[in-house]
Amino acid sequence: MDEGADCRHIQVEPSGQGLGAEVVGLDLSAALAADVFEEVYRAWLEHQVLYFRDQKLSPAAQAAFGRRFGELDTYPFIEPLAEQPEIIPIIKEPQTRFNFGGGWHSDTSYQPKPPKATMLLAREVPARGGDTCYANLYAAYETLSPGMRRIVDGLQGVFTADRVHGGGGFYRNADHPMAMHKDEQDVTRRVEHPIVRTHPESGRKALYVSYPHIERFKRMTREESRPILEYLAAHAVKPEHTFRLRWEAGTLALWDNRCVLHYALNDYPGQRREMHRLTIKGDAPR
Ligand code: SIN
């Protein structure tokens, strides 16, 4: 779809950056007609991150919109909202130092079937700071040299939550106001995913380099894997591959974890930020 060329029902404004677009003028609190939703879905596949301003959604309405994209998933480590168990609150209080999601990653890529999408609704935002950055993993793959693409095409990664949620991981000891829980199995499990995955809907290849969740490459040690992994992680988030979203209360964003990394900035000490997050079930990366 070119810059909204095929859109009869919605207005899509591309960010002009490495990915991302705003959908203007839609009220998501009412169920979207099938043909309108189809355009939203196509725009989302094309732009990888869509955002909608000024949404007034109850948790139930957010979940209902999420379900249009597929079956809702659960997150293993944070207590969800009592009234809407598919939604987790992501809160940073003025006195908290730690921020959730403060490193480039694809959500829960350490799971056998990581979620295809994440939907975040801004409930309260700082006056300044607290943006989220996104990186385009199609562009990351496509801008590698042919020689490097041949190498990464054959790589499998060993993915785990251990490096971030395990004993030495920063989530375990972090000061934050969210009720965390852990199931040791979720923490210690290792799963293998291709480092280059083919998007099941677009057919395009994406560099699936969710760095904090990748321990090493299969059949290689961490020491051997690390220089390549670090190169790929830095390459993926070059400024020209990225988009930075400035939140307002009521902004809802939806991103495609199969071809996008994201990073929540931690630059608003002394201010409060509260987001409501849900995820949509995905397939095993191939
Ligand atoms: C996340 O990693 O899901 C959190 C993103 C954010 O709070 O901006």
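Residues numbered from 1 in each chain as written. Predicted model: local features only at pLDDT ≥ 70, side-chain atom pairs only at ≥ 80, totals over all residues. Heavy atoms only, no water.

### Topic: the packing of aromatic side chains
Rules: Pairing of aromatic side chains here covers Phe, Tyr and the six-membered ring of Trp, requires ring centres within 6.5 Å, and sorts the geometry by plane angle: under 30 degrees stacked, over 60 edge-to-face, intermediate tilted. We count a stretch as a helix when DSSP gives it H or I for four or more residues in a row; a strand needs E for two or more, and each element gets its number in order from the N terminus. Burial classification: accessible surface area is computed with a 1.4 Å probe over protein chains only, and a residue below 20% of its type maximum counts as buried, one above 50% as exposed, and the rest as partly exposed.
Here the structure, examined in full by the defined rule, presents 15 aromatic pairs. Each ring, one from Tyr 41 and one from Trp 44, has its centre 5.3 Å from the other, and the planes form 65°; the classification is edge-to-face. Of this pair, Tyr 41 and Trp 44 both sit in helix H1 (residues 34-47), three residues apart, which is roughly one turn of the helix. On the basis of relative accessibility, which here comes to 15%, the residue Tyr 41 falls in the buried class. Residue class for Trp 44 comes out buried when judged on its relative accessible area of 0%. Ring centres of Tyr 75 and Phe 100 lie 5.9 Å apart, and the angle between their planes is 80°; this geometry places the pair in the edge-to-face category. Highlighted residues: Tyr 75 in the loop between helix H2 (59-67) and strand S4 (88-92) and Phe 100 in the loop between S4 and strand S5 (117-124), separated in sequence by 25 residues.

### As for H1
Basically, it comes down to this: Here the expected length of a helix is defined as 1.5 Å per residue gap, with one fewer gap than residues. When checking whether two residues touch, look at their non-hydrogen atoms; a contact exists if any pair is within 4.5 Å.
With 14 residues, H1 ought to run about 20 Å at 1.5 Å a step, and its terminal C-alpha atoms sit 20 Å apart, in line with that. The set of residues buried in H1 consists of Val 36, Phe 37, Glu 39, Val 40, Tyr 41, Ala 43, Trp 44, Leu 45 and His 47. Those residues of H1 that are buried lie in contact with strand S1 (11-14), strand S2 (21-24), strand S3 (49-52), H2, S5 and strand S13 (252-256). Once H1 ends, the next one or two residues include Gln 48, with phi positive near 75°.

### Focus on the pattern of salt bridges
For clarity, the threshold we go by: Salt bridge, as used here, is a side-chain nitrogen of Lys or Arg placed within 4 Å of a carboxyl oxygen of Asp or Glu.
This structure, assessed with the given rule, holds 18 salt bridges. Between Glu 124 and Arg 272 there is a salt bridge, with its nearest N and O atoms 2.8 Å apart. Placement of the pair is Glu 124 in strand S5 and Arg 272 in the loop between strand S14 (260-264) and strand S15 (273-280), with a sequence separation of 148 residues. Given a relative accessible area of 34%, Glu 124 falls into the partly exposed group. Across the pair Asp 256 and Arg 258 runs a salt bridge, and its minimum N-O distance is 2.9 Å. Shared partners join several salt bridges into a network, and the residues in it are Glu 93, Glu 124, Arg 272 and Glu 274.

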